[in-house]
Amino acid sequence: MKLQLQAELRQTTTRSAIRKLREEKKVPGVVYGKMTEPVSIALDEKALLKALHYPNALIELEAPGLNKLAVIHAVDRDPIHHRILAVDLHQIQLNERVKVHVRIEPIPDPDGKMIPYQMFLHEIHVDCLPGQIPEAIALDLTPIREGKAIFVKDLDIPEGVHVLTRADEVIAAPFHTISEVEPAAETAAEAAE
């Protein structure tokens, strides 16, 4: 997905200038790139909040003298009020691969039955071209219904996307599988005594 954000170039990065920006409901940010110097910008807080609803969206930054395509890399929030304090964006080229985190989205059971399971991993780290970044990776819960754990290697990954997260990491498992493993471990320990 591609989004457009109006940006203002910031000339000063003093605390008083940043405080004034926040009073105006703007968020200070920095755009980093491999071949360019970091650029200090300010973004409208409301527009940025909307953009954050689309993780890994390609952001077209529009400002006089600044035409950059970027992805949001990091968001600094106030720990109490959760207001955005600052944002880092990475400039990208459409023909260069990027590393991003993509959320895992469980597919609801078609018959509406809910099988208790635990999620251990909510996102995976991937490497791909900007135009191939998936919005989310679907998680088929069929193995959970069969009493089996689901690993990263079990995911259906789109073509062109390379997974950087270890293939043997558990994404989700049914609760009863977890509870069955513990007594077996205790029995082995008792047998050793």
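The structure displayed is predicted, hence computed values, not measured ones.

Peer 1: Before we go on, may I ask you to explain the packing of aromatic side chains in this structure?
Peer 2: The relative placement of two aromatic rings is captured by the distance of their centres and the angle of their planes. Taken as a whole and judged by the stated rule, the model has zero aromatic pairs. We note Lys-153 situated over the ring of Phe-151; from NZ or CZ to the ring centre the distance is 5.3 Å.

Peer 1: Explain the pairing of strand β5 (residues 66-77) to me, please; I cannot follow it from the model alone.
Peer 2: Looking down a regular strand, the side chains alternate between one sheet face and the other. Where strand β4 (residues 58-63) lies against β5, five bridges are found, and the strand directions are antiparallel. Bridge assignment links Glu-62 to a residue of β5, and that residue is Asn-67. Between the antiparallel neighbours β4 and β5 lie two residues, among them Gly-65 with a positive phi of about 75°. Bridge count for β5 against strand β6 (residues 84-91) is seven bridges, and the pairing is antiparallel. Looking at the pairing, Val-71 lines up with His-90 of β6. Remark: six residues form the turn of the hairpin made by β5 and β6, two consecutive strands paired antiparallel; His-82 in that turn has positive phi of roughly 65°.

Peer 1: Can you walk me through the UniProt feature "domain: Large ribosomal subunit protein bL25 L25" (unreviewed entry) in the protein chain in this structure?
Peer 2: Annotation from UniProt places "domain: Large ribosomal subunit protein bL25 L25" (unreviewed entry) at residues 5-89. Summarising residues 5-89: 19% helix, 49% strand, and an end-to-end C-alpha distance of 12 Å.

Peer 1: Sorry if this is basic, but what is going on with the environment of Lys-148 here?
Peer 2: Its place among the elements puts Lys-148 in the loop between α3 (142-145) and β11 (150-151). Distance from Lys-148 to Arg-83, taken between C-alpha atoms, is 40 Å for residues 65 residues apart in sequence. If near-sequence neighbours (up to four positions away) are discounted, Lys-148 is found in contact with Pro-143 and Pro-174.

Peer 1: So what exactly am I meant to see when it comes to unusual backbone geometry here?
Peer 2: Peptide bonds are trans in most cases, and residues, glycine excluded, mostly fall at negative phi. A positive phi angle is found at Asn-56, which is not glycine, with a value near 65°. The exposure class of Asn-56 is buried, given its relative accessible area of 17%. If you check the backbone angles, His-82 has positive phi at about 65° while not being a glycine. Within the secondary structure, His-82 is located in the loop between β5 and β6.

Peer 1: How do you make sense of the sheet that holds β11 when you look at a structure like this?
Peer 2: Paired through their backbone hydrogen bonds, the strands of a sheet run either parallel or antiparallel. Read across the open sheet, the three strands follow the order β8-β13-β11; overall the sheet is antiparallel. Looking at strand neighbours, the two that pair on one side only are β8 (117-119) and β11, the edges of this open sheet. Two strands pair when backbone bridges link them, and β11 and strand β13 (residues 170-174) are joined in this way by two bridges, in the antiparallel orientation. In the sheet register, Ile-150 faces β13, and the bridge partner there is Ala-172.

Rules and cut-offs
- Residues numbered from 1 in each chain as written.
- Predicted model: local features only at pLDDT ≥ 70, side-chain atom pairs only at ≥ 80, totals over all residues.
- Heavy atoms only, no water.
- Phe/Tyr/Trp six-rings, centres within 6.5 Å; stacked < 30°, edge-to-face > 60°.
- Lys NZ or Arg CZ within 6 Å of the ring centre and 35° of its normal.
- Pairing = 2+ DSSP bridges.
- Helix = DSSP H or I, 4+ residues; strand = E, 2+ residues; numbered from the N terminus.
- UniProt positions renumbered as here; feature names shortened; annotations may be inferred.
- Contact = heavy atoms within 4.5 Å.
- Buried < 20%, exposed > 50% of the residue type's maximum accessible area, 1.4 Å probe, protein only.

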